[in-house]
Amino acid sequence: MSLQPEKPRYRPYTGAAAGWGALRSVASVWLDSKQPLKNIRALLKTNQNGGFDCPGCAWGDSPDDGAVKFCENGAKAVNWEATRRRVDAAFFARHSVTQLREQSDYWLEYQGRLTEPMRYDRVSDHYLPIGWDEAFALIAEHLNALEKPDQAEFYTSGRTSNEAAFLYQLFVRAYGSNNFPDCSNMCHEASGVALGESIGVGKGSVTFGDFALADAIFVLGQNPGTNHPRMLEPLREAVARGAQVVCFNPLKERGLERFQHPQHALEMLANGSAPLNTAFFRPALGGDMAAIRGIAKLLLFWEREAQAKGNPSVFDHAFIEQHTRGIDSYLATLDATRWETIEELSGLGLAELEQAARIFRDAERVIICWAMGITQHRHSVATIQEITNLQLLRGNLGKPGAGLCPVRGHSNVQGDRTMGINERPPAALLDALEKHFGFAVPRQSGHNVVETIAAMLDGRSKVFIGLGGNFAQATPDSRRTHQALHNCALTVQISTKLNRSHLTTGRDALILPCLGRTDIDHQPSGPQAVTVEDSFSMIHASYGQLEPISPLMRSEPAIIAGIAQATLGASPVDWHALVLDYARIRQLIAEIIPGFSDFEERIRQPGGFHLDNPAAGRRWKTTSGRANFITNPLPADLFGEALRDSARQPDLILQTLRSHDQYNTTIYGLDDRYRGVKGQRRVIFANIDDIRRLGHEPGQKVDIESLWNDGVARRVEGFTLLAFDIPTGQAAAYYPETNPLVPLTSVGIGSHTPTSKAVAIRLHAAKPSPVIV
Ligand SMILES: Nc1nc2c(c(=O)[nH]1)N[C@H]1C(S)=C(S)[C@@H](COP(=O)(O)OP(=O)(O)OC[C@H]3O[C@@H](n4cnc5c(=O)[nH]c(N)nc54)[C@H](O)[C@@H]3O)O[C@H]1N2
Ligand SMILES: Nc1nc2c(c(=O)[nH]1)N[C@H]1C(S)=C(S)[C@@H](COP(=O)(O)OP(=O)(O)OC[C@H]3O[C@@H](n4cnc5c(=O)[nH]c(N)nc54)[C@H](O)[C@@H]3O)O[C@H]1N2
Ligand SMILES: [Mo]
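An account of the accompanying structure is given in this report. As the structure is a prediction and not an experimental result, all values here were calculated from the model. (Residues numbered from 1 in each chain as written. Chains lettered and ligands numbered in written order. Predicted model: local features only at pLDDT ≥ 70, side-chain atom pairs only at ≥ 80, totals over all residues. Heavy atoms only, no water.)

1. Regarding the pattern of salt bridges
What counts, and what does not: For this analysis, a salt bridge means a side-chain nitrogen from Lys or Arg found within 4 Å of a carboxyl oxygen belonging to Asp or Glu. A run of H or I in DSSP counts as a helix once it spans at least four residues, and a run of E counts as a strand once it spans at least two, with each numbered from the N terminus. Buried means the residue's accessible area, taken with a 1.4 Å probe over protein chains only, is under 20% of the maximum for its type, while exposed means over 50%, and partly exposed covers the values in between.
Under the defined criterion, the tally for this structure stands at 40 salt bridges. The shortest N-O distance in the salt bridge between Arg424 and Glu451 comes to 3.4 Å. Taken together, the residues span a long stretch of sequence, with Arg424 in the loop between α20 (413-418) and α21 (427-437) and Glu451 in helix α22 (residues 449-457) at a distance of 27 residues. On the basis of relative accessibility, which here comes to 37%, the residue Arg424 falls in the partly exposed class. Taking relative accessible area as the criterion, Glu451 reaches 25% and is therefore assigned partly exposed. A salt bridge links Arg714 to Asp710; its shortest N-O distance comes to 2.8 Å. Since its relative accessible area comes to 2%, Arg714 is described here as buried. Bridged by salt links that share partners, the residues Asp182, Glu189, Arg417, Glu423, Arg424 and Glu451 form one connected network.

2. Digging into the sheet that holds strand β8 (residues 216-220)
Our working rule: Should DSSP find at least two bridges between two strands, the strands are regarded as paired. What counts as an axis is a line fitted to C-alpha atoms, over the stretch in contact for a helix, and the angles between N-to-C directions run from 0 to 180 degrees. In what follows, residue pairs with any heavy atoms lying within 4.5 Å of each other are defined as contacts.
Taken together, five strands build an open sheet; the order of strands is β12-β9-β8-β14-β15 and the sheet is parallel. Edge strands, defined here as strands with exactly one partner in the open sheet, are β12 (279-281) and β15 (403-406). Strand after strand, the sheet turns through a mean of 15° between neighbouring axes, direction not considered. In terms of strand pairing, β8 meets strand β14 (residues 366-370) through five bridges, oriented parallel. Directly across from Leu220, in β14, lies its bridge partner Trp370. Lying over the sheet, helix α9 (residues 189-199) contacts β14 and β15, oriented at roughly 160° with respect to β15.

3. A short note on the site of ligand 1
Heads up, the rule is: Any residue with at least one heavy atom within 4 Å of a molecule or strand is counted as near it. Between N or O atoms, a polar contact is any pair within 3.5 Å; within protein, one atom must be a potential hydrogen donor and the other a potential acceptor, and residues adjacent in sequence are included only when both atoms are from side chains. Residue-level accessible areas treat just the shown protein chains as cover; the underlying method is Shrake-Rupley with a 1.4 Å probe. Domain delimitation follows an automatic or database domain assignment.
In the vicinity of ligand 1, 31 residues are found, and the nearest of them are Glu253, Gly286, Asp288, Gln662 and Asn664. Between ligand 1 and the protein, one listed contact pairs a nitrogen atom with a side-chain N or O atom of Asp288 at 2.6 Å. Here an oxygen atom of ligand 1 and a side-chain polar atom of Gln655 are 3.0 Å apart. Taking 930 Å² as the accessible area of ligand 1 by itself, protein coverage stands at 99%. For the shell around ligand 1, the secondary-structure elements that each account for two or more residues are α10 (224-227), α18 (372-375), β25 (652-657) and β26 (662-663). Here the shell around ligand 1 gathers at least three residues from each of two domains, domain 3 (189-407) and domain 4 (641-765).

Function cannot be read off these values alone, since they describe shape.
What follows is the structure, encoded as structure tokens:
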């Protein structure tokens, strides 16, 4: 891979997912890391016992020993972190912050690892080196100068280990705030909220082994070929053994269609590939809730038919009777919902819904998986509760081979929540902290991501600390978010690599370089393990494998301890002692977080241990003590009141998604192999009929404007229109380039998640660039 992009090209992809194309793509990133051999050794330790947890996605591992447990995109993530390129004091001396802002996100992260603490100097517009103790003292000074602790914001991204997350929440609560915006607010928040109300636990109910037992696997709003490649293997196996794999996605994602297994030499040599799905449905954006309701309505129809004819029931009456509440009102709503409404909102015809419903009905055990195509809409919580209702009708919860599976994003985003990174913390956690440490912790809710941005924008919050991530780019409404960060008195970024958040500074700003998952974490008691939790609630240890490239980098726990010690002074917690040996942090976790007793012993078991999920054992921690059928109205439209009276109607509805060569805001390359795009990212996919209807031509440059009712102009410029196999009325473009279009106040009901998968847009022919003669 080089920084010189190939000539931009666009040609639909015809190969299978993974396979040779994946190997080529990995090889280019690999050779570029400056230490290819070491990284190959490291890679073989990915997700193995005694190795490190892949810093890529949160998909769980096969319990089989010896299996190769990494994928193309995991390999890229490892190499990206394990580079020997350095962003050090000399680098910052060469480049002013203003100059760096001119560079692309791709260029910025490509420069290498951050190796020493730096402080922004406004006079010279450069970052200058600062000692760790001075940096901690500066943070303490700012935090202690605030009128109240709630004027500071403490962001977390989901790579943070359990140990670091636990220390972070302990420090922030001891300091006096619950302001924990985190990446989950933009990601699976809706899953947590919906499942919490429906089944009493905001997590998925299945484990890896369930996939081998399922008769049908439904995959909704997810692109595993790119974002969870290790999931392709169980899907392929399911199809091979005759199970059904049913996809709902407006885009015919290549990674959901065919799969070539990199570890099956024959399949690759023969250039054969295995099918990945048995049925594929292409709903309207946000149409899944109506589609699920249609399936449930058909089940009810068949149930009545069975009763009339004396045939076996379609519903699992024993389960419903013993374990659920609220079915009557749900069935009444199914009767009251008209087929016309279902077809219109879902974008699917009755025949398609019937096909899906038959597969669902005929499967004894069904797993339903979903990701951002479901969670980043206005009515995501309602959609996930509708999915849950469907599963409850047939008792597809708490039995082998069946259940609910929100496929999580960041490798430890689920664990961070378990550790208490939560702006609306459960009372039991706060009680346990107070009882154990003897200090009062704040009880009022803190800020989530969009509340944090609003508070910084209007000056209510003045200090921002980011434990990982790239707040400036990952959040919506980029221009306003950048302004919000600029308004701060202090911004602190604890990071592995340079990104735009380091260049979007407060009046004072710090970069604190930390160790990543691949680095050996040396502490006085020896190299440390950290722990993580995957999508299946498996907790296991991760041991870094590579010598850190700079002695000045510190571990996340050490950095948090440094900030805590400087800010709180005398405190009942001996922060530094905890960092000498992370087993001491795990001891505290074992004492405070339910389910972690004998933590230290249990992570020594190969594969780690499973955190009990009451719903998977049909124990319901809901207010009713049962699993709840929750009846929500179907959404009247994707935008609520916001655009209803608007004189200006959108040209298209835009979803913002990931390309194959990115990890969130980290851009590894400019190709999107499975969608046929090469050498470019500023593209927008649309249906040829829409392109023509709107008076444009494929290949033309357009500016994109989004519509909202708050009088703020939102626009991005110079995007190439690509004719794509996408339903009419829809468009798709990459995140983060299109984040300036996502309005801060367009959020999910009950989840507050930015509606990144439904943005009302208009297209304008871009002004031709001046011809230089
Ligand atoms: N390589 C790589 N791996 C990653 C990431 C990465 O960026 N790169 N990111 C990680 C993170 S944090 C996350 S959260 C996950 C994200 O994993 P995904 O959720 O797979 O990510 P997106 O690219 O946002 O893809 C959304 C998919 O939903 C579809 N979709 C959009 N709207 C709708 C809708 O209304 N209905 C339906 N049925 N489908 C819809 C889109 O067409 C697309 O296929 O991946 C994780 N893993
Ligand atoms: N429009 C739109 N916006 C979205 C989304 C979308 O689909 N569309 N998806 C949303 C989702 S699902 C998510 S999860 C968020 C992601 O939001 P974030 O988690 O904030 O973003 P990332 O791009 O994952 O963060 C990358 C940075 O993390 C730092 N980093 C990497 N590894 C480590 C580590 O081990 N420790 C520390 N301290 N730092 C590290 C590096 O400096 C790197 O530059 O974005 C959201 N934003
Ligand atoms: Mo995510």
